[in-house]
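Listed below are the residues making up each chain.
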Amino acid sequence: MSKKDDQNGSPRDAHYAKLRRAHRDAKRFREGQPEKTGRRGPKKAPGPLPVSDDEVLLYGLHTVRAAIENPERKLLSLKVTQNAFARLTDGLELPKHLAVDIVRPREIDDILGEDAIHQGVMLKTRALPVRKLDALHDSPLLLVLDQVTDPHNVGAILRSAVAFSAGAVITTMRHSPAESGVLAKSASGALEHIPYIQITNLAKALEELHAMGFTSVGLDSEGPAPLEETMNGNRIALVLGAEGKGLRQKTRETVTALARLDMPGPIKSLNVSNASAISLYAARQFLAKSGGA
């Protein structure tokens, strides 16, 4: 971007400037701060952020790099600082069709909010294609979440699922996070490497998995036997519930078996993302010994 372009701007730059001002006004209103006034006159009413229903704003170097390298991603535009651009493109060639806008960090802050750790890069992209259960016939290990709502937890779970080569993370459409910048940033690129499948009815989905040859094991602190002794067959679907309430009753009734993680220490429960990682490791060990891995 030349100094002339930066001074004069373009219609597109003016459009984004209006959106950023509207976003700041909306934030000040939510926080109860008085509206700023000056020579430019009264502020206009807050407007929406520049994304539609089928678009997401991804941020963070690892997240954006993984998205650019994912052939299933439809990339729309990239906002990046000069320093972040050098780090992002180190060993990575950006697609020629991708519109790149070199900006100041504050411009990304104004769109994402000051709490987003964007590392100077923000990518606007289409949401990933909808995935379905019938695409999972070749995978021996799946992870199923029963209304785990925190996107940070789900992002960490996605990372563990990729690390242990699970075929998919399956969750409900309601009471679970949709694809978003927060989810993708917490997953640190993992969202681009594993299907994130959202279904409407978890019990019905489990029955479909059973018909596909999966043994579903629900993790429960009161499970009758340890996980290592409960797994059976050469295709495993681990089912974990939200922290606190755990698995819903219908889910408990639908899974093939309930199992517990034996913990000899005084703390008998774990964060759901930690429990997922331990369960995935145990399942991988079981499948390796049974010839299913």
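What comes next is a walk through the structure. (Residues numbered from 1 in each chain as written. Predicted model: local features only at pLDDT ≥ 70, side-chain atom pairs only at ≥ 80, totals over all residues. Heavy atoms only, no water.)

## Some thoughts on the overall build of the protein chain
Inference 1: Scanning the protein chain from terminus to terminus reveals 11 helices and 10 strands.
Inference 2: Across the 293 residues of the protein chain, 47% fall into the buried class.
Inference 3: Look at the contacts in the protein chain between residues 6 or more apart in sequence, and 75% of them connect residues 24 or more apart. (Helix = DSSP H or I, 4+ residues; strand = E, 2+ residues; numbered from the N terminus. Buried < 20%, exposed > 50% of the residue type's maximum accessible area, 1.4 Å probe, protein only. Contact = heavy atoms within 4.5 Å.)

## A short note on the layout of surface pockets
Inference 1: In this structure, the largest pocket encloses a volume near 450 Å³.
Inference 2: Along the wall of the largest pocket there are 20 residues; nearest its centre are Leu219, Asp220, Ser221, Ser269 and Leu270.
Inference 3: Only strand 9 (236-241) and helix 11 (272-290) provide two or more residues apiece to the lining of the largest pocket.
Inference 4: Split into classes, the residues belonging to the lining of the largest pocket amount to nine nonpolar, five polar and six charged. (1 Å grid on protein atoms, 1.4 Å probe; cavity = no way out; pocket = protein on both sides within 12 Å on 5 of 7 lines; lining within 4 Å. Points joined across faces, edges and corners; volume = space filled by probe spheres on them. Nonpolar A, V, L, I, M, F, W, Y, C, P; charged D, E, K, R; others polar.)

## Some remarks on the sheet that holds strand 4 (residues 121-126)
Inference 1: In space, the four strands of this open sheet follow the order 1-4-2-3, with mixed pairing throughout. Two strands bound the open sheet, and with one partner strand each, they are strand 1 (55-59) and strand 3 (99-102). Neighbouring strand axes in the sheet, compared pairwise and without regard to direction, differ in orientation by 15° on average.
Inference 2: As defined by bridge partners, strand 2 (residues 75-80) adjoins strand 4 across five bridges and the pair is classed as antiparallel. By the bridge assignment for strand 4, Leu75 is matched with Thr125.
Inference 3: The sheet strands contacting helix 5 (residues 105-112) are strand 1, strand 2 and strand 4, and the helix crosses strand 4 at an angle near 45°. (Pairing = 2+ DSSP bridges. Axes fitted to C-alpha atoms, helices over the stretch in contact; angles between N-to-C directions.)

## Regarding the nonpolar core
A general feature of soluble globular proteins is that nonpolar side chains tend to end up buried together.
Inference 1: Ranked by size, the top nonpolar core spans 50 residues in total, and within it Leu78, Leu88, Leu158, Leu227 and Leu238 carry the most contacts.
Inference 2: For this core, the leading source of residues is helix 11, giving six residues.
Inference 3: For Leu227, the residues in contact, after removing those within four places along its chain, are Val217, Leu219, Leu238, Ala259, Arg260, Leu261, Ser279 and Ala282.
Inference 4: Among the nonpolar cores identified, the runner-up in size contains 19 residues, and Leu136, Ala205, Leu247 and Val255 belong to it. (Core = buried A, V, L, I, M, F, W, Y, C linked by side-chain atoms within 4.5 Å.)

## Some points on the side chain of Thr125
Inference 1: Take Thr125: it is sitting in strand 4.
Inference 2: Reaching out from Thr125, the side chain makes a polar contact with the backbone oxygen of Lys74 at a distance of 2.8 Å.
Inference 3: Leave out the neighbours within four places in its chain, and Thr125 touches Asp54, Glu55, Val56, Leu58, Arg73, Lys74, Leu75 and Leu76. (Polar contact = N/O pair within 3.5 Å; in protein donor to acceptor, adjacent residues only side chain to side chain.)

## As for the sheet that holds strand 7 (residues 196-199)
Inference 1: With parallel pairing, the six strands of this open sheet are ordered in space as 7-6-5-9-8-10. Two strands close off the open sheet at either side, each with one partner strand: strand 7 and strand 10 (257-259). Neighbour-to-neighbour, the strand axes of the sheet open up by a mean angle of 25°, direction not taken into account.
Inference 2: Bridge analysis of strand 5 (residues 141-146) against strand 6 (residues 169-172) gives two bridges, and the strand direction is parallel. Within strand 6, the position partnered with Leu143 by the bridge is Val169.
Inference 3: Contacts from helix 6 (residues 151-163) reach strand 5, strand 6 and strand 7, with the element oriented near 170° to strand 5.
Inference 4: Along the sheet, helix 8 (residues 202-211) makes contact with strand 5, strand 6, strand 7, strand 8 (215-219) and strand 9, crossing strand 5 at roughly 165°.

## Some details on unusual backbone geometry
Inference 1: Despite not being glycine, Gln147 has its phi angle at roughly 60°, a positive value.
Inference 2: Following the sequence through the fold, Gln147 ends up in the loop between strand 5 and helix 6.
Inference 3: Look at Gln147 and you get buried, because its relative accessible area is 9%.
Inference 4: A positive phi angle, near 60°, is found at His175, a position not held by glycine.

Nothing here speaks to function; it is all geometry.
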